[in-house]
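Structural overview
Take a look at the letters that make up each chain.
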Amino acid sequence: MKLSPISLAILPLLSLCSVQAAVYSVVDVGKVPELKSTYASAINDNGDTVFNGAVKVVKNDVTNSGVVQYQYFNFPIQLNAIDFDNDNIKALFTAEQLADVKNGILDVTTLGILLGTNPAAQPIGNAISYVLRGNELANNIKLRDVNATRTNSEYLYDINNAGVAVGQATATFTQQSFTPAATTEKPAPAPEKLWAPELPYQLGVVVVGNDTTALAPLYSSYGGGYSVAKAINDNGLVAGYGSVGLVAESIANIEKLCTGAAVPIDVCYYNYHTSAARMPAINAYRQELSDFSYTQRGILWSQNGSNAVTPRVLGFLGDKNSQVAHSVEGVKAINYYSQALDVNNSGIAVGLSLYSDSDLYVFQDEIYRTEQATLFVDNEALPMVDQNEWSSSRALSINNNNIAMGYAVKNINGNARAKLFYYDYSTNKANYVTGFFASSNTRPNAINDNNQIVGNAEVIIDGTSTRRTHGFMYDIASDKFVDLNTLVGCNLPYQIVDATDINNNGTIVATALVSREKRNIKGEPVLDAKGDPEMESVTTVITLQPIANGEVESCGGEDQNSYKRQSGGFGGAGLVLGSVLLWWRRRVI
């Protein structure tokens, strides 16, 4: 695999030697028995890691339409929820297949039919979470889904040096019978089966050992509220966000809609608050007060053992960085919000919040608003980037040197592109990093106390215009930006696509593509016509462990400006999985 001329141009800047060695050794920690693909989250200084596994992913087919592919082996379809007397369901199977399915006997064909048609409309989550401590095997931690029904999505995002992990889980569902209230059209309604959520619809969690504790939402009326935990420092301070209130107009609307007559009240609450049209969002124009969902604020929780106490609500940038909402008459109200995405050991948090400018009108009755990176310190919410230059931004991590980093977005060559920035609190200055080339989307994930940043950025391969993402590391002191794929051995089977964390020992946890023997939805090997195992590309979690005195390995060939590594052979599979990674990132943010 050769780099494009654009990528080649940056190689001399790295000032790295080419000898027979490597900078990092690679350990695959993401192979688990339950499913095919795993995705990295975080690593602490002891080498403990947290990561997540995909229950299902969406891949684009040849028509660029999203196709759901199940990654979980032997998914637990709830057969008792299916009406096998229904003629439409009977028609899905042969008589022999139907008899087996009724008896709980599923082969790859019948399980595929049930997953593809989902006749009982069973909710199916996106992810399950894992903790790996020391030399133990990775352990699937059940955050809310204690019965492993897999009807919800569960994620772990961070782990501190005491081994305490944090994340969030959506609501689990159970099938219930419900009889709607009688109406003139239906004076004697029949009972219906439906799936009811266990509210709240989203709940932050703290994991100590194998014990999970929920972070209670600060405001829980009319649907249970919600909370999300994104990070935890070594003092047990948890950064995240959640519900802190609900405007009166929305309360009136909910009371009108959710009476329990047409659907159970909890189902109505769930549908109301999870509607994309009601969520606080960067593009939530034309949103009436009566359609606001919960008021969202960044929150810091003090965690003590298995107890989370003393939450502190954070502010938001507001109108022109005033930290208050606009007050312009005749202009629609805005559902201002904030999120704390990381916090250092000094208690300084970073994240994002909504910024507006009441001098800029988007419509006659609406003003401009956008998300911008926010520093939360001394009960203030402060800007971090030039909001006139960057259309949006978010701060993702802050180290114990009070250096934060994130990405900011602006138009480059006609397209919106994200660029890495780092911000020094002591100087109140943001610096921007080009990345591999000027228009490369560059999205960092974490910074350690050595001021090393890791993330993912676009590269262009083989002189084409096709872009893929590779994991990178950027060192602030030396101003070196390097593709992590060039720092591992030439013959390794991995292509590093995203580096999600780096600890203070320099160990990196990352997501990589790897070719493995293909397994079907039952977990059985798939063989070709000759009886040999078929292969497929999947994602896995790896750790990159520094090699003492390691240097970049020369991968041979006459062209010293190429890297002919085995990971370059993913071809079209790499492009398809690239779309999966984008879909996955959108799920976990």
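No experiment lies behind these values; they were computed from the predicted model shown.

Attention shifts here to the overall build of the protein chain. Within the protein chain, the secondary structure is distributed over eight helices and 33 strands. Across the 589 residues of the protein chain, 55% fall into the buried class. Of the roughly 24,900 Å² of accessible surface on the protein chain, a fraction of 48% belongs to carbon and sulfur atoms.

Attention shifts here to a negative patch on the surface. Where like charges cluster on the molecular surface, the negative patch consists of Glu 96, Asp 100, Asp 107 and Glu 524. Checked against the element boundaries, Asp 100 lands in helix α4 (residues 95–102).

To continue, consider the packing of aromatic side chains. For the coordinates displayed, the defined rule picks out 15 aromatic pairs. Judged by centre distance (6.3 Å) and plane angle (50 degrees), the ring pair of Phe 421 and Tyr 432 falls under tilted. Of this pair, Phe 421 sits in strand β25 (residues 415–424) while Tyr 432 sits in strand β26 (residues 429–433), and the two are 11 residues apart along the sequence. Ring pairs connect the aromatic residues Tyr 422, Phe 436, Phe 472, Tyr 474 and Phe 481, which therefore count as one cluster. Sitting over the ring of Tyr 157, Lys 230 keeps its end group 3.8 Å from the ring centre. Between the NZ or CZ atom of Lys 410 and the centre of the ring of Trp 390, over which it lies, the distance is 4.6 Å.

Pairing within the open sheet is antiparallel, and its four strands lie in the order β8-β9-β12-β13. Only two strands of the sheet have a single partner each, and these edge strands are β8 (154–159) and β13 (211–215). For this sheet the average axis-to-axis angle between neighbouring strands, irrespective of direction, equals 30 degrees. Of the pairings in the sheet, the one linking strand β12 (residues 202–208) to β13 comprises five bridges and is antiparallel in character.

Per the counting criterion, the structure on display carries two disulfides. Here Cys 258 connects covalently by a disulfide to Cys 268, the sulfurs 2.0 Å from one another. The chirality of the disulfide connecting Cys 258 with Cys 268 is left-handed, given an S-S dihedral of about -75 degrees. In this pair, Cys 258 sits in the loop between α6 (248–257) and α7 (265–273) while Cys 268 sits in helix α7, placing the two residues 10 residues apart along the sequence. Accessibility classification places Cys 258 together with Cys 268 in one group, the buried group. The residue that forms a disulfide with Cys 490 is Cys 555, at a sulfur-sulfur distance of 1.9 Å. Its S-S torsion of about -90 degrees marks the bond between Cys 490 and Cys 555 as left-handed, since a negative value means left-handed. In this pair, Cys 490 sits in the loop between β30 (480–483) and β31 (495–502) while Cys 555 sits in the loop between β33 (535–546) and α8 (571–588), placing the two residues 65 residues apart along the sequence. Of the two residues, Cys 490 and Cys 555, neither departs from the other in class, the shared state being buried.

Attention shifts here to the pairing of strand β3 (residues 49–54). Along β3, six of the six residues are buried, which leaves the element largely enclosed by surrounding structure. Residues Thr 49, Phe 51 and Gly 53 point to one face of β3 and Val 50, Asn 52 and Ala 54 to the other, with burial holding for every one of them. Two strands pair when backbone bridges link them, and strand β2 (residues 38–43) and β3 are joined in this way by five bridges, in the antiparallel orientation. The residue of β3 that forms the bridge with Tyr 39 is Asn 52. A loop of five residues connects β2 with β3, the two strands running antiparallel in sequence, and Gly 47 in this loop sits at a positive phi of about 90 degrees. As judged from the six bridges shared by β3 and strand β6 (residues 127–132), these two strands associate in the antiparallel manner. Within β6, the residue paired with Phe 51 across the bridge is Tyr 130.

Turning next to the environment of Gly 163. With respect to the secondary-structure elements, Gly 163 resides in the loop between β8 and β9 (165–170). The spatial distance from the C-alpha of Gly 163 to the C-alpha of Asn 46 is 8.4 Å, given a sequence separation of 117 residues. For Gly 163, the contacting residues outside a window of four places in its chain are Asn 44, Asp 48, Arg 133 and Val 207.

With that settled, the discussion passes to the environment of Arg 516. The residue Arg 516 is located in strand β32 (residues 508–517) in this model. Judged by its relative accessible area of 14%, Arg 516 falls in the buried class. A C-alpha to C-alpha distance of 9.3 Å links Arg 516 and Lys 36, two positions 480 residues apart in sequence. Every residue in contact with Arg 516, bar those within four places of it in the chain, is listed here: Asp 28, Lys 31, Lys 36, Glu 534, Met 535, Glu 536, Val 538 and Thr 540. Only 2.7 Å separates the side chain of Arg 516 from the side chain of Asp 28, close enough to count as a polar contact. Engagement of the side chain of Arg 516 in a polar contact is seen with the side chain of Thr 540, the distance being 3.1 Å.

Attention now moves to the confidence of the model for the protein chain. Per-residue pLDDT for the protein chain has a mean of 90; in total, 89% of the residues score no lower than 70. Scored below 50 in pLDDT, residues 557–568 makes 35 contacts in the model with residues more than four places away or belonging to other chains.

Turning to α4, a few remarks are in order. In an α-helix there are 3.6 residues to a turn, and that puts residues three or four apart on one side. Taken as a whole, α4 has its buried residues at Gln 97, Leu 98 and Val 101. The arc that holds the buried residues of α4, viewed along the axis, is 100 degrees, so those residues lie on one side. Projecting away from the buried face of α4 at angles above 90 degrees are the exposed residues Ala 95 and Glu 96. Those residues of α4 hidden inside the fold are in contact with α3 (87–90) and α5 (108–117).

Looking now at the pattern of salt bridges. Inspection of the entire model under this criterion finds 11 salt bridges. Connected through salt bridges with shared partners, the residues Glu 288, Lys 332 and Asp 365 form a single ionic network.

The rules we used
All residue numbers here refer to positions counted from 1 along the written sequence of the relevant chain. In keeping with the predicted nature of the model, local features appear solely for residues at pLDDT of at least 70, side-chain atom pairs appear and are counted solely at 80 or more, and the whole-chain, interface and lining totals rest on all residues. Computation of side-chain values: all heavy atoms of the structure, hydrogens and water removed. Under the scheme used here, helices are H or I runs from DSSP no shorter than 4 residues and strands are E runs no shorter than 2 residues, and both carry numbers assigned from the N terminus. We call a residue buried when its accessible area falls under 20% of the maximum for its residue type, exposed when it is over 50%, and partly exposed in between, using a 1.4 Å probe and counting protein chains only. Note on areas: these come from Shrake-Rupley sampling with a 1.4 Å probe, and a residue is covered only by the protein chains present in the view. Grouping into patches uses exposed residues only, defined as over 30% relative accessible area, and leaves out salt-bridged ones; the cut-off is 9 Å for like charges and 5 Å for nonpolar side chains (Val, Leu, Ile, Met, Phe, Trp, Tyr). Note on definitions: salt bridges are taken to be side-chain nitrogens of Lys or Arg within 4 Å of carboxyl oxygens of Asp or Glu. Counted charges follow a simple rule, with Lys and Arg positive, Asp and Glu negative, and His plus the chain ends left uncounted. Throughout, a charge is located at the NZ atom of Lys, the CZ atom of Arg, the CG atom of Asp or the CD atom of Glu. Two rings from Phe, Tyr or Trp (for Trp, the six-membered ring) form a pair when their centres are within 6.5 Å of each other. A pair whose planes differ by under 30 degrees is stacked, one over 60 is edge-to-face, and the rest are tilted. Here, over-ring charges are defined by two tests on the NZ atom of lysine or the CZ atom of arginine: distance to the ring centre within 6 Å, and angle to the ring normal within 35 degrees. In short, DSSP must find at least two bridges between two strands for them to pair. Axis lines are fitted through C-alpha atoms, for helices just across the contact stretch, and the angle between N-to-C directions can take any value from 0 to 180 degrees. Cysteine sulfur atoms that come within 2.5 Å of each other are treated as a disulfide pair. Whether two residues are in contact is decided by their heavy atoms, any of which lying within 4.5 Å being enough. As used in this structure description, the phrase polar contact means that two N or O atoms lie within 3.5 Å; if the pair is within protein, one of them must be able to donate a hydrogen and the other to accept it, and residues adjacent in sequence are counted only when both atoms belong to side chains. A residue's pLDDT is the predictor's confidence in that residue, given on a scale from 0 to 100. As used here, the arc is the angular range of directions from the helix axis to the C-beta atoms.

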